[in-house]
Amino acid sequence: MKYLFAILIICLPSFAYALDKITLIPSGKISFQKPINYSAPFKKEYFATLEIGDTLSKAMVILEGKNNQSYRVAFQLETSLSVNAEGPHFDLTEWKHCTTEWHQLNITDGNGVVLPNFDEVNVDCFPEVNHDEIKAAVLAKGGEEWVRIFEGEGWPDGYSPVEISLSRVRIKIEKLINTQWRVLTVINVAIPMGC
């Protein structure tokens, strides 16, 4: 019984300041129909997809609960390669990426953070790839039609329909427990590419 009591005393402080809800509120002219909300108890990981034209650049992440100073927020960006066909595009989101380090953010007003303008974050780390590697990946995932587009069929000489752009944003929420930061949840948000 005394061991159970000792475990309760150790664990109780970590539950005393519970985080009730995490809300993502976008910024800009085009935004979500409504904020994205996650409520406690939190999963280790969440997956969401933005609509075309929506962005998390300069978005707010609001933490609702008690003692928000015992939480911290970080973000990570990922870019992927896309083959464009003047509107339709083929995204290699399950291939090679540039993935940034985690960037810590300061909680403002005790309950949230503002994500930065992603155009100002260095994501120039896409691995070197050659023409044949890209062609093989496009063939394996998209087929012959996308290989023809990749090879330049219907494009002016010298034009490349390949671009690298933001494909995913990760938001990590951590909680301070007994002097150590522990991951509470990671929110993975897929960003529509090629538009």
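Our structure is the block above this text.
So, how was this worked out
Residues numbered from 1 in each chain as written. Predicted model: local features only at pLDDT ≥ 70, side-chain atom pairs only at ≥ 80, totals over all residues. Heavy atoms only, no water. Helix = DSSP H or I, 4+ residues; strand = E, 2+ residues; numbered from the N terminus. Pairing = 2+ DSSP bridges. Axes fitted to C-alpha atoms, helices over the stretch in contact; angles between N-to-C directions. Phe/Tyr/Trp six-rings, centres within 6.5 Å; stacked < 30°, edge-to-face > 60°. Lys NZ or Arg CZ within 6 Å of the ring centre and 35° of its normal. Expected span 1.5 Å × (residues − 1). Buried < 20%, exposed > 50% of the residue type's maximum accessible area, 1.4 Å probe, protein only. Arc of directions from axis to C-beta. Contact = heavy atoms within 4.5 Å.

## A short note on unusual backbone geometry
Of all residues except glycine, most have a negative phi; of all peptide bonds, most are trans. In this structure, Pro-41 follows Ala-40 across a cis peptide bond, with omega equal to 0°. You can see Pro-41 is positioned in the loop between β2 (36-39) and β3 (45-49). Look at Asn-178: it is not a glycine, yet its phi comes out positive at around 50°. Within the element layout of this structure, Asn-178 appears in the loop between β10 (162-177) and β11 (180-190).

## Some words on the sheet that holds strand β9 (residues 112-114)
Overall, antiparallel pairing links the 4 strands, which are arranged β2-β1-β4-β9 in an open sheet. In the strand order of this sheet, the two ends are held by β2 and β9, each with one partner. Direction aside, neighbouring strands of the sheet carry axes that sit 10° apart on average. Bridge count between strand β1 (residues 19-25) and β2: 4 bridges; the pairing is antiparallel. Looking across to β2, one finds that Leu-24 is bridged to Ile-36.

## Describing the packing of aromatic side chains
Tallied over the full model, the rule gives 3 aromatic pairs. The ring of Trp-102 is capped by Lys-172, whose NZ or CZ atom sits 4.4 Å from the centre of that ring.

## Structural notes on helix α2 (residues 131-142)
Its 12 residues give α2 an end-to-end C-alpha distance of 16 Å, which sits within 8% of 16 Å, the value for a rise of 1.5 Å per residue. Within the span of α2, buried status applies to Ile-134, Ala-137 and Val-138. Down the axis of α2, the smallest arc covering the buried residues is 100°, so these residues share one side. Opposite the buried face of α2, by more than 90 degrees, sit the exposed residues Asp-132 and Ala-140. Where α2 is buried, its residues contact β5 (71-84), β6 (89-92) and α3 (144-150). The positive-phi residue at the C-terminal boundary of α2 is Gly-143, with phi of around 90°.

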